[in-house]
Amino acid sequence: MKRLLLGSLTASLAFAAPVMAEPLFKLQVKPSQLDPAKGTAMLDVITTVEDVKVPAGQTLLSHLNGAPNIRAQFAVEDLSATDDKGPVPLVAGNPAGPRTWTSSRDVSGKLVVRYRRPIDNAVGGGLSTIPHVDGPGMFGISNMLFVLPPQTPKRYHFALDWDLSALPAGSSAVTALGEGNVDIPSMPLTRLTYAMVMVGKIKREPEQAKGAFSAVWTGEPTFDVRGTMQWASKLHGYMSKFFADPKELPYHVFMRENASGNGVAAPMAFVVGYNERTTPQSVQYLLGHEMTHTWTAADIGKWYSEGNAVYYQTQLSWRAGLFPIEKRLADINLTAARYYTNDVMHAPDSDVLPKFWSDLRYNVLSYDRGAIYFAVLNGKIKRASGGKRSIDDLIRAMVQLDREEKTITEQTWIDLLQKELGDEGPAIHKGMMSGEATLVPESDDYGPCFRRVAVKIPRFDFGFGGQDVTRRSVVEGLRPDSNAAKAGLKEGDKITYQFSTDSILRDPNMMVTMHVTRGDQTFDVSYLPRGELRDAYQWERTDVPETACK
């Protein structure tokens, strides 16, 4: 994920060469038929793209028409297109998705695409980016909302025009690209692809736009949304200074009702899915992690982008004076507990992505191992430099390369380690990537306020199923000596979960509650999903004053 800045055109000086305008990419969007009770709405869309040259048979348009656990694919109605030659004969690709369209002839010149995009909450799905009607408004991410050309680094003069005449009085529109109608003289299409969109009767924090940070929602959050967003605004300002921005850049938090309560990051924005269990603290942890991605995300592996986000998620909040030290310590220990009790802690990094969505042990591995890895490096760098440098310096160097739109690869990072730590740096990296090394930060690698202690922590174990950890809907392979069996679960029980499996896996003291259907009976079963003890490490508070530790 690149930190892409808004382009701008400057007036030409006398006798200077004329500025060449980018080809136009224009979206005209008219929302209508918004029905909060039914959870439905309609978008009428006209897309105009200049300077198009697409040979027959190549992908002309695409639409991300699916997401995990949806009941029906996202619909597109009345799709048509024209170019300089007239009507374009569109040929639909595999409807299983992502949906694509080609043309049976070459397409050139000005492409104009028209279609209707119905929004219906009945499609379901757990991702917060899925287009959704929430109160007197709707939200979605561009690649799910709109039919778009394939991603390309080509730059366009981008314009977004809203027609809100069919919505209730007082309606407005906000995207991660700007407020209301948007006109950006030069930007790559990739910025539009992942742009968050909200339209309707929007509530805001702050109520009157000021500064770089803004939070928006149309529904009724069940937590102290204004106080939490004021907290987030302070953290964003601190992070911007920490990562050495020349100036604080715009950042939007979008909020929508979501039963799963998850969140998704995009460039310069984040969507919080809230439900009745959402608390200010849960949102603070989430934004501490996700806002870090604004600066540190890089396409070199989850060990890097997710690892450093976990490493900083409470550290920067604590340094900013927005988190108490007790919460910082608890976060360090939860990450360590999950890493040291993970059955696949020695799996190579190459195994992570293929199993990321099918086995939660691999899903969390790069987050935890990456965070522990950065703690180890932090201690090494501080000792090697006599306390003058830290892992912060290397991360900020990566952020600066990204800011300058330089190419970043895994080798870029290894070269920084080599320069900082000599051969030891790349060796530590190799051990982490291979999984062969057990990463153990030194006692003071998190700072003098904390010291390491050896402990025993029980490994995660649902008590049924195979070695993989996944959300099963039926109890199979129940182990007689497990806590699940002792709590009363039986082979063949149909189950649903009251909380996210990831949260339960993360906290070694968290009970799991399952809603069980057995024949004509329904009831809840709660137990601690843990098994045999494993050797692990935790950190405890020292008597060093907190002011000496940040």
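Scroll up to find the structure this text is about.
The model shown is predicted, which means the values in this text are computed figures rather than measured ones.

## Points about helix α11 (residues 410–421)
- Between its first and last C-alpha atoms α11 spans 16 Å; for 12 residues at 1.5 Å apiece the expected length is 16 Å, and the two agree.
- Three or more residues of α11 are buried, namely Thr-412, Trp-413, Ile-414, Leu-417 and Leu-421.
- In this structure, the buried side of α11 is in contact with α5 (302–312), α9 (360–384), α10 (391–403) and α12 (424–434).
- Where α11 ends, the next residue or the one after it, Gly-422, has phi of about 70°, a positive value.

## Some points on the environment of Thr-341
- Mapping Thr-341 onto the fold places it in the loop between α7 (325–340) and α8 (352–355).
- Overall, the relative accessible area of 5% leaves Thr-341 in the buried class.
- Along the primary structure Thr-341 and Asp-535 are separated by 194 residues, whereas in three dimensions their C-alpha atoms are 7.8 Å apart.
- Excluding residues that lie within four positions of it along the chain, Thr-341 makes contacts with Ile-457, Pro-458, Arg-459, Arg-530 and Arg-534.

## Some remarks on the state of the cysteines
- What the rule picks out here adds up to one disulfide.
- Put simply, Cys-449 and Cys-549 are joined by a disulfide, and their sulfur atoms are 1.8 Å apart. Disulfide Cys-449 to Cys-549: torsion about the S-S bond roughly 85°, handedness right-handed. Of this pair, Cys-449 sits in the loop between α12 and β21 (450–460) while Cys-549 sits in the segment after β25 (530–541), and the two are 100 residues apart along the sequence.

## Brief notes about the side chain of Asn-342
- Relative to the helices and strands, Asn-342 resides in the loop between α7 and α8.
- According to the relative accessible area criterion, Asn-342 is buried, its value standing at 7%.
- Among residues more than four places away in sequence, those in contact with Asn-342 are Arg-361, Val-364 and Leu-365.

## Considerations on the nonpolar core
- Judged by nonpolar contacts, the single largest core of 68 residues is most densely connected at Met-255, Tyr-373, Phe-374 and Trp-413.
- A per-element tally of this core places α9 first, with eight residues.
- The residues contacting Met-255, other than those within four sequence positions of it, are Asp-134, Met-198, Ala-215, Val-216, Trp-217, Thr-218, Phe-223, Val-225, Met-229, Val-272 and Tyr-274.
- Among the nonpolar cores identified, the runner-up in size contains 40 residues, and Val-29, Leu-43, Val-88 and Ile-119 belong to it.

## Side note on unusual backbone geometry
- Look at the link from Glu-205 to Pro-206: it is a cis peptide, with omega at 0°.
- By secondary structure assignment, the location of Pro-206 is in the loop between β16 (203–205) and β17 (213–217).
- Positive phi values are uncommon outside glycine, yet Gln-33 reaches one of about 55°.
- Relative to the assigned elements, Gln-33 resides in strand β1 (residues 24–35).

## A short note on the environment of Gly-109
- For Gly-109, the position within the fold is in strand β8 (residues 107–120).
- The class of Gly-109 is buried, set by a relative accessible area of 18%.
- Measuring from C-alpha to C-alpha, the distance between Gly-109 and Met-398 comes to 40 Å, with 289 residues separating the pair along the chain.
- Those residues within four positions of Gly-109 in sequence are excluded, and the remaining contacts are Val-49, Glu-50, Asp-51, Val-52 and Asp-84.

## Remarks on the packing of α9 against α12
- In contact at an axis separation of 11 Å, α9 and α12 are set at 165° when each is read in the N-to-C sense. By the criterion of interaxial angle, the relationship of α9 to α12 is roughly antiparallel. For α9 against α12, the interelement crossing comes out right-handed. The segment α9 lies against α12, with Arg-369, Tyr-373, Val-376, Leu-377 and Lys-380 engaging Glu-424, Ile-428, His-429 and Met-432.

Rules and cut-offs
- Per chain, residue numbering runs from 1 following the sequence as it is written.
- A pLDDT threshold of at least 70 governs which residues receive local features in this predicted model, and a stricter bar of 80 or more applies before side-chain atom pairs are shown or counted, although totals over entire chains, interfaces and linings include all residues.
- For side-chain calculations, the full set of non-hydrogen atoms in the structure is used, while hydrogens and water are omitted.
- Strands are runs of DSSP state E lasting at least two residues, helices are runs of H or I lasting at least four, and both sets are numbered from the N terminus onward.
- Every helix has an expected span of 1.5 Å times one less than the residues it contains.
- Only protein chains enter the area calculation, which uses a 1.4 Å probe; residues under 20% of their type maximum are buried, those over 50% are exposed, and those in between are partly exposed.
- Every residue pair with non-hydrogen atoms within 4.5 Å of one another is taken to be in contact.
- Disulfides are defined in this document as cysteine sulfur pairs within 2.5 Å.
- What makes a nonpolar core is a set of buried Ala, Val, Leu, Ile, Met, Phe, Trp, Tyr and Cys residues whose side-chain atoms join them at distances within 4.5 Å.
- The convention used is that axes are lines fitted to C-alpha atoms, helices contributing only their stretch in contact, and that angles between N-to-C directions extend from 0 to 180 degrees.
- For classification purposes, angles smaller than 35 degrees are called roughly parallel, those larger than 145 roughly antiparallel, those between 65 and 115 roughly perpendicular, and all remaining angles oblique.
- Crossing handedness is defined as follows: a turn of the near helix away from the far one that is anticlockwise and smaller than a right angle gives a left-handed crossing, while the clockwise case is right-handed.

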